Amino acid sequence: MNALADILFGGLFQGSLYAMMAVGLALVWTTIGVFNFSHGVLMMLGAYFAWQLVDWGLAPALAFPIAVLLMAGVGWLLQATVVRPLIGRANLVLVVVITTLAAGSLIENGVLELWGPRSKQIPPLVAGNAMLGGVGVSLHQIAIIVVTPIILLALWLFLNRTRLGLALRAVAQNEDAACLVGLNVTMLYGLAFAIAASLAALAGIFLGGYRFMTPVMGADPLLKALIVVVFGGISSISGPIFAAYLIGFFEAICSYYFGLYWTPALLFAALILTLMIKPEGIFASRSRGLA
Amino acid sequence: MTNMLSVTGLTAGYGRVTVLHGIGIEAGKHGNVGLFGPNGHGKTTLLRAVSGLLKPKAGSIVFDGADITGESARSIVARGLVHVPQGNTLFPDLTIADCMSLGAFSPHARPHEAANKERVAALFPKLAERWRQRVRTLSGGERQMVSIGVALMSHPKLLILDEPTLGLAPKIKDELCKAVLDISKAGVPLIVVEQDVEFLLELTNHLYFINHGQVETEIKPGDSLAHSDIMAMYFGQ
């Protein structure tokens, strides 16, 4: 009973964090067709914004939404400076990998300069602990497990049930055709980045609430998000979400039975095996072919 | 009826290459307008400049009484000047229904969305059967139907069709020609680029022969012309 609860809880928690990170990356990929390698840094910056606002005396309930909104602006700005001017160039994907890495490095060192290397922590979403099925867990983690699916569902509904979401899904598929039906391409690209950066900031706030923050805290989550997105299939939003929880549970099972040190190696082994059998990702076929 | 669209002295191109050399056309006065001429001489470039996909270097474009030279494609669509580009691949991963609701994205088209949807379904019964199918799974002819359908959803005052029957099998081509004629009969003026001269003559008697980025010959309604004259223009004497 104890093992099951441990694995279930660990899987749900890690899966939520991964999903939160990966979905922004997937959103930018599916709308603009580029990989944003500063996504991890955006997550870090969101956490630092939240920390700063709380440090200035704002209540977390106020500070967190403001940090998320500020990051939407940062995402928009990032898109306008290092992505939008390059659209239409040859090798766009590779060029944007470099420009977003460069922007990420700039932001990372800026944060280091501004806030210093000392680790910080932001208050948890919900303070306190609870016993669940014989396992001691923090209410912060429970809150993440509950809040994440709600936000992901809201995002899914926005993309699939609103006309603006539809426009967002359409714009990268054919820019000329998008212009000719009257879509504002510049605005939509900015919107995709703004939403992705907000989601990253939220992931950063989640992470900063139970782990110490440093300017390089985004590196590992970015790597995980990349794995999730590639594993899940990069042609949709729902693929990476399922993959995030799958990987969360995989890690929980591995670290319970084989230990934490073996987990990354086993994860990569599973990833390589999956991609050999199904190179487009495990959930990719859902979005191809007939509806 | 006054001119809906007047293009005068339009110069445009790509980078340092100039394709259009001060071209001028009028449309809307005598109903439909046909453009023809050899490939690579500026027909498509002219249409791209008119619909705002390409910024002209000089000249002016007036539509419905307003100067639209250099306006964004988005605001030109909102004015009711709608362009169906050549070989439009549309949005491969979206369904036909999704494409139709994107067609009605412009604020001016929203109030007419339901009516226009019925119109498209009546015009292309083939599409109405497979509303939930993705565009990438459609044949070239069906995709062309969706393209025209999307344009109708934008509630056009003037519709530009760039080679609507290019590369289609005869049977589906007939179907499309009939649909285009129906759209025209319903009162939407057209500008059509087409290689099929017979179809062009059935649609309109106001033609422009475009060569070297200029109008070489304008055939106005009432001018006597025969199929053989047009063939002579195409291929030289």
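Residues numbered from 1 in each chain as written. Chains lettered and ligands numbered in written order. Predicted model: local features only at pLDDT ≥ 70, side-chain atom pairs only at ≥ 80, totals over all residues. Heavy atoms only, no water.

### Some remarks on the confidence of the model for chain A
Residue and element names in this part refer to chain A.
Moving on, step 1. Mean pLDDT over chain A works out to 90, with 96% of the residues at or above the 70 mark.
Moving on, step 2. No element of chain A has a lower mean pLDDT than strand β1 (residues 129–132), at 83, and none a higher one than helix α2 (residues 39–55), at 97.
Moving on, step 3. A low-confidence stretch, residues 286–291 (pLDDT under 50), is modelled with 15 contacts involving residues beyond four sequence positions or located in other chains. (pLDDT = per-residue confidence, 0-100. Helix = DSSP H or I, 4+ residues; strand = E, 2+ residues; numbered from the N terminus. Contact = heavy atoms within 4.5 Å.)

### With respect to empty space enclosed by the protein
By rolling a water-sized probe across the atoms, one finds the places where empty space is left.
Moving on, step 1. Applying the stated criterion across every chain yields a total of one cavity of 30 Å³ or more.
Moving on, step 2. Its volume calculated, the largest cavity comes out at about 100 Å³.
Moving on, step 3. If you go around the largest cavity, you meet 14 residues; those closest to its centre are L180 and V181 of chain A together with H83, N88 and V150 of chain B.
Moving on, step 4. Broken down by secondary-structure element, the contributors of at least two residues to the lining of the largest cavity are α7 (175–180) of chain A together with β6 (81–84) and α6 (140–153) of chain B.
Moving on, step 5. By residue class, the composition of the lining of the largest cavity is ten nonpolar, four polar and no charged. (1 Å grid on protein atoms, 1.4 Å probe; cavity = no way out; pocket = protein on both sides within 12 Å on 5 of 7 lines; lining within 4 Å. Points joined across faces, edges and corners; volume = space filled by probe spheres on them. Nonpolar A, V, L, I, M, F, W, Y, C, P; charged D, E, K, R; others polar.)

### Remarks on the packing of helix α4 (residues 113–123) of chain B against α6 of chain B
Residues and elements named next belong to chain B.
Moving on, step 1. The N-to-C vectors of α4 and α6 enclose an angle of 155 degrees; their axes lie 9 Å apart at closest approach. One element, α4, and the other, α6, form an angle in the roughly antiparallel class. Between α4 and α6 lies a crossing whose hand is right-handed. Packed against α4, whose contacting residues are E113, N116, K117, R119, V120 and L123, the element α6 presents G149, L152 and M153 at the interface.
Moving on, step 2. A breakdown of the residues in the contact of α4 with α6 according to their chemical character gives four nonpolar, two polar and three charged. (Axes fitted to C-alpha atoms, helices over the stretch in contact; angles between N-to-C directions. Parallel < 35°, antiparallel > 145°, perpendicular 65-115°, else oblique. Left-handed = near helix turned anticlockwise from the far one by under 90°.)

### Points about the pairing of strand β8 (residues 190–193) of chain B
Residues and elements named next belong to chain B.
Moving on, step 1. Of the two faces of β8, both are covered, the one formed by L190 and V192 as well as the one formed by I191 and V193.
Moving on, step 2. Here three bridges tie strand β3 (residues 33–36) to β8, and the two strands are oriented parallel to one another. Each residue of the ladder has a partner; that of L35, found in β8, is V193.
Moving on, step 3. Bridge analysis of strand β7 (residues 158–162) against β8 gives four bridges, and the strand direction is parallel. Following the sheet pairing, D162 is matched in β8 by V193.
Moving on, step 4. Read as a crossover between parallel neighbours, the route from β7 over helix α7 (residues 170–185) to β8 is right-handed. (Buried < 20%, exposed > 50% of the residue type's maximum accessible area, 1.4 Å probe, protein only. Pairing = 2+ DSSP bridges. Right-handed = clockwise from strand over helix to strand, strands pointing away.)

### Here's the deal with a nonpolar patch on the surface
Residues and elements named next belong to chain A.
Moving on, step 1. On the surface, a nonpolar cluster with roughly 650 Å² of combined accessible area is contributed by L223, F268, I272, L273, M276 and I277.
Moving on, step 2. Broken down by element, the residue count for the nonpolar patch peaks at five residues, all from helix α11 (residues 263–277).
Moving on, step 3. Looking at the secondary structure, you find L223 in helix α9 (residues 219–232).
Moving on, step 4. For L223, a relative accessible area of 42% gives the class partly exposed. (Patch = residues over 30% accessible without salt bridge, like charges linked within 9 Å, V, L, I, M, F, W, Y side chains within 5 Å. Areas by Shrake-Rupley, 256 points an atom, 1.4 Å probe, with all protein chains shown as cover. Salt bridge = Lys/Arg side-chain N within 4 Å of Asp/Glu carboxyl O.)

### Comments concerning the environment of L181 of chain B
All names here are of chain B.
Moving on, step 1. The residue L181 is located in helix α7 in this model.
Moving on, step 2. L181 sits in the buried class, given a relative accessible area of 16%.
Moving on, step 3. Separated by 23 residues in sequence, L181 and T204 have C-alpha atoms that sit 10.0 Å apart.
Moving on, step 4. The residues contacting L181, other than those within four sequence positions of it, are F199, E202 and L203.

### Brief notes about the layout of surface pockets
Residues and elements named next belong to chain A.
Moving on, step 1. The calculated volume of the second largest pocket comes to roughly 520 Å³.
Moving on, step 2. Taken together, 26 residues line the second largest pocket, and the ones lying closest to its centre are Q14, Y18, R211, E251 and L260.
Moving on, step 3. Only α1 (2–32), α8 (185–208), α9, α10 (238–257) and α11 provide two or more residues apiece to the lining of the second largest pocket.
Moving on, step 4. When grouped by side-chain class, the residues that make up the lining of the second largest pocket number 16 nonpolar, five polar and five charged.

### Some words on the sheet that holds strand β9 (residues 207–211) of chain B
Residue and element names in this part refer to chain B.
Moving on, step 1. Taken in spatial order, the six strands make up an open sheet running β6-β7-β8-β3-β9-β10, and their pairing is mixed. Sheet topology places β6 and β10 (214–219) at the edges, where each strand pairs with a single neighbour. Looking at each pair of strands side by side, their axes are set apart by 20 degrees on average, direction ignored.

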